[in-house]
Amino acid sequence: MTQRIVSWGETLWDLYEHERLLGGCAANVAVHLTQLGADAHLVTRVGNDELGAAAIEALAARGLDTSHVQDDLESPTGCV
């Protein structure tokens, strides 16, 4: 039996002078578990903005199912 792992928490961008890196503890855990072959799912919310769309695209590119990533119509995607 395959166990499903759910990572619940924030997804955000670490913004540097010349690059941006996807981050957030829950997102990092889900991505790494997926890359190790686990049935991992991320429950999170990103802003309905360019950074949110980029986050969803980056998560999908890393093999993560993004069906549990919600668009927030009021708040922007988090960044630090």
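Residues numbered from 1 in each chain as written. Predicted model: local features only at pLDDT ≥ 70, side-chain atom pairs only at ≥ 80, totals over all residues. Heavy atoms only, no water.

## Some details on the nonpolar core
Phase 1 of the analysis: Ranked by internal contacts, the top residues of the largest apolar core, which has 15 residues, are Trp13, Leu22, Leu42, Ala55, Leu59 and Leu64.
Phase 2 of the analysis: Of all the secondary structure elements, the ones that give two or more residues to this core are helix 1 (25-35), strand 4 (39-47) and helix 2 (50-61).
Phase 3 of the analysis: Counting residues per element, this core draws most heavily on helix 2, which supplies 5 residues.
Phase 4 of the analysis: Ignoring sequence-local partners within four residues, the contact set of leucine 42 consists of Ser7, Thr11, Ala26, Ala27, Ala30, Leu59, Leu64, His68 and Val69. (Core = buried A, V, L, I, M, F, W, Y, C linked by side-chain atoms within 4.5 Å. Buried < 20%, exposed > 50% of the residue type's maximum accessible area, 1.4 Å probe, protein only. Helix = DSSP H or I, 4+ residues; strand = E, 2+ residues; numbered from the N terminus. Contact = heavy atoms within 4.5 Å.)

## Things to note about the pattern of salt bridges
Phase 1 of the analysis: In this structure the tally under the stated criterion is 3 salt bridges.
Phase 2 of the analysis: One salt bridge connects arginine 4 with aspartate 39, and the closest N-O pair in it is separated by 3.8 Å. Of this pair, arginine 4 sits in strand 1 (residues 4-8) while aspartate 39 sits in strand 4, and the two are 35 residues apart along the sequence.
Phase 3 of the analysis: With a closest N to O distance of 3.6 Å, aspartate 72 and arginine 45 form a salt bridge. (Salt bridge = Lys/Arg side-chain N within 4 Å of Asp/Glu carboxyl O.)

## Points about the environment of alanine 38
Phase 1 of the analysis: Inspection of the secondary structure puts alanine 38 in the loop between helix 1 and strand 4.
Phase 2 of the analysis: Alanine 38 sits in the partly exposed class, given a relative accessible area of 27%.
Phase 3 of the analysis: Alanine 38 sits 36 residues away from threonine 2 along the chain, and the two C-alpha atoms are 8.4 Å apart.
Phase 4 of the analysis: In this structure alanine 38 touches Ile5 and Leu33, once residues within four positions along its chain are discounted.

On their own, these measurements won't tell you what the molecule is for.
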